[in-house]
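So you can see what is in the structure, the chains are spelled out below.
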Amino acid sequence: AVVALGKPVVLVLMNGRPLAIEWAAAHVPAILEAWQPGSEGGTAIANALFGDVNPGGKLPAGFPREGQTPIYYARNLTHQPEGSERYRSRYWDGPSQPVYPFGHGLSYTTFAYSGLSLPAPSVKVGEETAVTVEVENTGAVAGDEVVQLYVHQRYGTDTRPRRELKGFERVRLAPGDKKTVRFTLGPDELGYWSTAQGKWLQDAAAFDVWVGGDSTATAHAELTVTE
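Everything quoted here is computed from the prediction, not taken from an experiment.

Chemist: Requested: an account of the packing of aromatic side chains, with residues and values cited.
Modeler: Overall, the coordinates contain five aromatic pairs when judged by the stated rule. Between Tyr-73 and Phe-102 the ring centres are 4.4 Å apart and the planes differ by 15°, which places this aromatic pair in the stacked class. Of this pair, Tyr-73 sits in the loop between helix 2 (41-49) and strand 3 (111-117) while Phe-102 is found in the loop between helix 2 and strand 3, placing the two residues 29 residues apart along the sequence. Classification of Tyr-73 as partly exposed rests on a relative accessible area of 21%. Here the aromatic residues Trp-35, Phe-63 and Tyr-100 are joined through ring pairs into a cluster of three or more. Sitting over the face of the ring of Trp-210, Arg-163 holds its NZ or CZ atom 3.7 Å from the ring centroid.

Quick look at the structure:
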């Protein structure tokens, strides 16, 4: 009823877990997730709503569509590949994409990513390589962006998740400013606990690398780990 008035509306959520807000996401112009902010929550919310601060938070969990249970970004690939001609979704009655993905979060400015690079796109097991990307504030006000690094191991001793968060860094940029952000990928980031062998492993394998503002990041590079 409030939205139907045609007035500017902001929905403020105060909750302890993701909610089913599919209708609100499609019809409400702005949503502020406050979680459980405590006794000074009102002050913090007012500062964000009136623009005294520029929010820069990111979601620690995806927000599902109705019927999407479970929903998490780091799910394993299965024998029914999502996106194939036969298996378009992992749900019978809806798409695989959540309303808001893990790591999502907007602010009063916008950011652009460019120049994703791996100076050493091929390394041996146990070695490290760098990942660099340039982030630019393309909006009109200063703001924070949480730059996120994700990887996917294409094959290995165990089935590997579609994506895994392996690094993040908060950067503050004035309008028009750019910054080069650097991450490290080594055994700690590329290894995993093998349930098949009962120990920590690092496989020689091919990896996809993404950097961006959430778990659907599209800036992509490839990394090869050899014996």
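Chemist: Any details on the environment of Trp-200? Residues and values, ideally.
Modeler: Along the chain, Trp-200 turns up in strand 10 (residues 199-201). C-alpha of Trp-200 to C-alpha of Gln-148: the two residues are 52 residues apart in sequence and 24 Å apart in space. When neighbours within four sequence positions are excluded, Trp-200 is seen to be in contact with Tyr-192 and Trp-193.

Chemist: Could you give an account of the sheet that holds strand 6 (residues 143-153), naming the residues involved and the relevant values?
Modeler: Strand-to-strand pairing in sheets goes through backbone hydrogen bonds, with the strands running parallel or antiparallel. Spatially, the five strands line up as an open sheet ordered 4-12-11-6-7, and their pairing is mixed. A strand with exactly one partner marks an edge of an open sheet, and here the two such strands are strand 4 (122-124) and strand 7 (164-173). Averaged over all adjacent pairs, the angle separating strand axes in this sheet is 25°, with direction ignored. As judged from the three bridges shared by strand 4 and strand 12 (residues 219-226), these two strands associate in the parallel manner. Of the residues in strand 12, the one forming a bridge with Val-123 is Val-225.

Chemist: Let's hear about the sheet that holds strand 3: which residues, and what values?
Modeler: Reading across the sheet, the three strands line up as 3-5-8 and stay open at both edges, with antiparallel pairing between neighbours. The two strands at the open ends of the sheet, each matched to only one other strand, are strand 3 and strand 8 (178-185). Across the sheet, the mean angle from the axis of one strand to that of its neighbour is 25°, orientation sign disregarded. Relative to strand 8, strand 5 (residues 129-137) runs antiparallel, the two being bridged by eight bridges. Opposite Glu-136, over in strand 8, you have Lys-178 as the bridge partner.

Chemist: I'd like to hear about empty space enclosed by the protein, residue by residue, with values.
Modeler: If you roll a probe as big as a water molecule over the atoms, it shows you where there is empty space left. In the structure shown here, the tally under the stated rule is one cavity of 30 Å³ or more. By volume, the largest cavity is sized at about 40 Å³. If you go around the largest cavity, the residues you meet are Val-151, Gln-153, Arg-160, Glu-164, Lys-166, Glu-189, Leu-190, Gly-191, Tyr-192 and Phe-207. Those elements giving two or more residues to the lining of the largest cavity turn out to be strand 6, strand 7 and helix 3 (187-190). Considering only residue class, the lining of the largest cavity consists of four nonpolar, two polar and four charged.

Rules of the game
- In this numbering scheme, every chain counts its residues from 1 along its sequence in written order.
- Where local features are concerned, this predicted model is filtered to residues with pLDDT of at least 70; where side-chain atom pairs are given and counted, the filter is 80 or more; whole-chain, interface and lining totals use all residues.
- In computing side-chain properties, one takes all heavy atoms of the structure into account and sets aside hydrogens as well as water.
- Pairing of aromatic rings covers Phe, Tyr and the six-membered ring of Trp, with a centre-to-centre limit of 6.5 Å; geometry is then stacked below 30 degrees between planes, edge-to-face above 60, and tilted otherwise.
- The helix and strand labels rest on DSSP assignments: H or I over at least four residues marks a helix, E over at least two residues marks a strand, and numbering proceeds from the N terminus.
- For every residue, the accessible area (1.4 Å probe, protein chains only) is compared with the maximum for its type, and the residue is labelled buried under 20%, exposed over 50%, or partly exposed between those bounds.
- We call a charge positioned above a ring when the Lys NZ or Arg CZ atom is no farther than 6 Å from the ring centre and deviates by at most 35 degrees from the ring normal.
- Residues count as neighbours in contact if any of their non-hydrogen atoms are within 4.5 Å of one another.
- When DSSP locates at least two bridges between a pair of strands, those strands are taken to pair.
- Whenever a helix is involved, its axis is fitted only over the stretch in contact; in every case the axis is a line through C-alpha atoms, and angles between N-to-C directions fall within 0 to 180 degrees.
- Cavities and pockets are found on a 1 Å grid laid over the protein atoms alone: a cavity is a set of points where a 1.4 Å probe fits but cannot escape, a pocket is an open set with protein on both sides within 12 Å along at least five of seven lines, and a lining residue has an atom within 4 Å of such a point.
- Grid points are joined across faces, edges and corners, and a volume is the space filled by probe spheres set on the points.
- Each residue gets one of three labels, nonpolar for Ala, Val, Leu, Ile, Met, Phe, Trp, Tyr, Cys and Pro, charged for Asp, Glu, Lys and Arg, and polar for the others, Gly among them.

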